[in-house]
Amino acid sequence: MKSLFDEETYLEIKERLENISGNSEKQWGEMEVAQMFYHCQKPLLVGLQKEKLAKPNFLFKIASKLIKPMFYNDKVWKHGLPTAKELKVISSKDFDLEKEKLAALVKEFHQKKNQEVWEPHPVFGVFTKEQWGKMQYKHLNHHLTQFGV
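As a starting point, this report considers the structure included with it. Here the structure is a predicted model, which means the values were calculated and not measured. (Residues numbered from 1 in each chain as written. Predicted model: local features only at pLDDT ≥ 70, side-chain atom pairs only at ≥ 80, totals over all residues. Heavy atoms only, no water.)

### Some points on the packing of aromatic side chains
Reasoning step 1: Following the criterion strictly, the structure yields nine aromatic pairs and no others.
Reasoning step 2: For the ring pair Phe5 and Trp118, a centre distance of 5.7 Å and an interplane angle of 45° mean the geometry is tilted. Placement of Phe5 in the segment before helix H1 (7–19) and of Trp118 in the loop between helix H4 (95–110) and helix H5 (129–146) is noted, with a sequence separation of 113 residues between them. Each member of the pair, Phe5 as well as Trp118, is classed as buried.
Reasoning step 3: With a centroid separation of 5.3 Å and 50° between ring planes, the pair formed by Phe37 and Phe95 is classed as tilted. With a gap of 58 residues between them, Phe37 in helix H2 (residues 33–47) and Phe95 in helix H4 connect regions that are remote in the sequence. Both residues of the pair, Phe37 and Phe95, count as buried. (Phe/Tyr/Trp six-rings, centres within 6.5 Å; stacked < 30°, edge-to-face > 60°. Helix = DSSP H or I, 4+ residues; strand = E, 2+ residues; numbered from the N terminus. Buried < 20%, exposed > 50% of the residue type's maximum accessible area, 1.4 Å probe, protein only.)

### Details of the nonpolar core
Reasoning step 1: Ile13, Met36, Phe37, Leu102, Val106 and Phe109 are the most contacted members of the largest nonpolar core, which has 36 residues in total.
Reasoning step 2: Here the element with the most residues in this core is H2; it accounts for eight residues.
Reasoning step 3: Once residues within four sequence positions are removed from consideration, Ile13 is found in contact with Leu4, Val106, Tyr137, Leu140 and Leu144. (Core = buried A, V, L, I, M, F, W, Y, C linked by side-chain atoms within 4.5 Å. Contact = heavy atoms within 4.5 Å.)

### Focus on the layout of surface pockets
Reasoning step 1: Of the pockets and cavities examined, the largest pocket occupies roughly 1200 Å³.
Reasoning step 2: What lines the largest pocket is a set of 41 residues, among which His39, Pro82, Thr83, Ala84 and Leu87 lie closest to the centre.
Reasoning step 3: Looking at the lining of the largest pocket, the elements with two or more residues in it are H2, helix H3 (58–67) and H5.
Reasoning step 4: Among the elements that line the lining of the largest pocket, the one with the most residues is H5, at seven residues.
Reasoning step 5: Its residues assigned to classes, the lining of the largest pocket comprises 22 nonpolar, 13 polar and six charged.
Reasoning step 6: Considered as a void within the structure, the second largest pocket measures approximately 180 Å³ in volume.
Reasoning step 7: Surrounding the second largest pocket, Met1, Trp28, Asp74, Lys75, Val76, Trp77, His79, Tyr137, Lys138, Asn141, His142 and Thr145 form its lining.
Reasoning step 8: Grouping the constituent residues of the lining of the second largest pocket by class yields five nonpolar, four polar and three charged. (1 Å grid on protein atoms, 1.4 Å probe; cavity = no way out; pocket = protein on both sides within 12 Å on 5 of 7 lines; lining within 4 Å. Points joined across faces, edges and corners; volume = space filled by probe spheres on them. Nonpolar A, V, L, I, M, F, W, Y, C, P; charged D, E, K, R; others polar.)

### Focus on the pattern of salt bridges
Reasoning step 1: Evaluation of the coordinates by the stated rule reveals eight salt bridges.
Reasoning step 2: Two residues, Glu108 and Lys50, come together in a salt bridge whose shortest N-O distance is 2.9 Å. Highlighted residues: Glu108 in helix H4 and Lys50 in the loop between H2 and H3, separated in sequence by 58 residues.
Reasoning step 3: Where Glu116 meets Lys129, a salt bridge forms, and the shortest distance between an N and an O atom there is 3.1 Å. With Glu116 in the loop between H4 and H5 and Lys129 in helix H5, this residue pair connects regions lying 13 residues apart in the sequence. (Salt bridge = Lys/Arg side-chain N within 4 Å of Asp/Glu carboxyl O.)

### Section: the packing of H1 against H5
Reasoning step 1: The interhelical angle for the contact between H1 and H5, taken along N-to-C directions, is 30°, at an axis separation of 11 Å. Our classification of the angle between H1 and H5 gives roughly parallel. Crossing handedness for the pair H1 and H5: left-handed. Contacts from Thr9, Glu12, Ile13, Arg16 and Leu17 of H1 reach H5 at Tyr137, Leu140, Asn141, Leu144 and Thr145.
Reasoning step 2: Grouping the constituent residues of the contact of H1 with H5 by class yields five nonpolar, three polar and two charged. (Axes fitted to C-alpha atoms, helices over the stretch in contact; angles between N-to-C directions. Parallel < 35°, antiparallel > 145°, perpendicular 65-115°, else oblique. Left-handed = near helix turned anticlockwise from the far one by under 90°.)

Structure (structure tokens):
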């Protein structure tokens, strides 16, 4: 599994971001490309401790233990997976602005590659550095593939 902390993987994501355009067609899902850029910022912001998520209720907390490994294992995510309501984007977004913001966050997250201790995820709890890097790559890869890059 690739990790956003690996230099080669970071450069791959950076190039894929550069190759996406405002005319990129979605292969599945409801978001337009600018909304996808905005959506992809959220997990990076959470990992960087710049944004909080609502604490899950008791039942979700139990279910999250079963869901957690899917964020960093080698299995490709299926199309149309449900999105947490805090991560859904329904308003229109500016393509250039959101693309620039996402690229900056990807770079900032990659630069944390030497950080060994991470704050627990607000919903899923403790992740290792390796799991954080894999999780961020997997999410970005899923959505870049959604738009054909």
